[in-house]
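Breakdown of the fold
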Amino acid sequence: MAAEAHTIDALGQFKLETALGPLGASVNFTQANLWMVIGGLLVLTMLYLGARPRAVVPGRLQALAEMSYDFVHSMCVDQIGEEGKRFFPFIFTLFFFVLMGNLLGLLPLNFFYTDHFGVGLAFTYTSHIAVTFSLAALVIVLVTIVALRIHGLHFFTYFFPAGAPKLLAPLIIPVEIISYLSRPVSLSIRLFANMVAGHVMFEVFASFIVMMAAAGTIGTVAAVGPLAVNVALMGFELLVAFLQAYVFAILTCIYLHDAVHLH
Amino acid sequence: MSGTQGGGSSEKKSFDERLSAARRRQGLEAPPPPPGGGPQGNALGVGLRVGVEMVSALVVAVAIGWWLDRWLHTKPFLLALFVLLGGAAGVANVWRLIAPARPPEKERGGRD
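Residues numbered from 1 in each chain as written. Chains lettered and ligands numbered in written order. Predicted model: local features only at pLDDT ≥ 70, side-chain atom pairs only at ≥ 80, totals over all residues. Heavy atoms only, no water.

To continue, consider helix H4 (residues 88-104) of chain A. An α-helical segment advances 3.6 residues per turn. Residues three or four places apart therefore align on the same side. All names here are of chain A. The end-to-end C-alpha distance of H4, which contains 17 residues, comes to 23 Å, matching closely the 24 Å that a straight helix rising 1.5 Å per residue would cover. A large share of H4 lies buried, amounting to twelve of its 17 residues. All buried positions along H4 are accounted for by Phe88, Ile91, Phe92, Leu94, Phe95, Phe96, Val98, Leu99, Met100, Gly101, Asn102 and Leu104. (Helix = DSSP H or I, 4+ residues; strand = E, 2+ residues; numbered from the N terminus. Expected span 1.5 Å × (residues − 1). Buried < 20%, exposed > 50% of the residue type's maximum accessible area, 1.4 Å probe, protein only.)

According to the stated counting rule, one finds 18 aromatic pairs over all chains in the structure shown. Ring geometry for Phe71(A) and Phe242(A): centres 6.1 Å apart, planes at 40°, overall tilted. With Phe71(A) in helix H3 (residues 60-80) and Phe242(A) in helix H8 (residues 224-261), the pair connects residues that are 171 residues apart, well separated along the chain. Judged by centre distance (5.8 Å) and plane angle (20°), the rings of Trp67(B) and Trp71(B) are stacked. Of the two residues, Trp67(B) and Trp71(B) are both situated in helix H2 (residues 43-72); the distance of four residues between them amounts to about one turn of the helix. Taking relative accessible area as the criterion, Trp67(B) reaches 47% and is therefore assigned partly exposed. Taken together, the ring pairs connect Tyr69(A), Phe71(A), Phe88(A), Phe92(A), Phe95(A), Phe96(A), Phe242(A) and Tyr246(A) into an aromatic cluster. (Phe/Tyr/Trp six-rings, centres within 6.5 Å; stacked < 30°, edge-to-face > 60°.)

Its location among the elements puts Thr30(A) in the loop between helix H1 (21-26) and helix H2 (31-51). Overall, Thr30(A) belongs to the buried group, its relative accessible area being 12%.

What follows is the structure, encoded as structure tokens:
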């Protein structure tokens, strides 16, 4: 992933390549798919190994599994209400899929699947708007189906708040519909933009290190600067990775709350 | 025995409180109404969210307007109309993002 001869290739890291050699190439199995599988397996393993001991005083892994269960469970119940328990499996899966995408992308493991043996950050599948928009579209379709099932045609009163003057209906209804449809767009853009911005910044500062090191001894010493920036950035990106997964899950909960209770 | 009787009733009261708190935690009782609004981040986070909300409303509105224009052969007019509506929807989104922080919980039912 190093910069080639004084140019910064900040977006090359997001290019999809096939993984797993000729077998993966024949079915277009990309590194994004590989990391999705790895993320899913990691969460399943964590839950399986964490749930197995059933100790009264939990060990580390059991505490992790219990805390992650409790965290998402209280998020569902606090935001959606008592009915939120029905959506717990969905929110749990969504939260951990996004969290794994964000976190695994920060591991220095890209030699793992590419032919060229450069050490760089692993692939972040949540940095592709195709992935985040698919998740957001799934959320909004689910929310609409839930609202229609619970409230029937009464759901459409959502687009015209009670007590508003009838004269304003031709203005309010399109605005409300656009506002409703903009939810998946804002949900997906937020996650995707945060991930892309973080990884572009990593790449830019890493390129500075290489460029400065090429400029002689003084440059090599001065390259400590961008290196320090990248170290600090890594801490910040860990925060962002968790926060964006949390925001994605909690906004889904808020939309489900609207669907269940229909203000 | 009789000396602990008075302390026993207050102990029982605190036990009831703790029991109901524990039951609430386990979801066996209806919890108090959820705190309003979404997660409130720092100023930068709020600013980013406001920007994303406005842009996404505009993107959706432009997409609808462009598609309706193509369908109804009314080339520029519906697109222009929906750009305005999209701007309004963006402002409505931002209002909804900011507003729940101010009014008390009860007024949230009015949804505007």
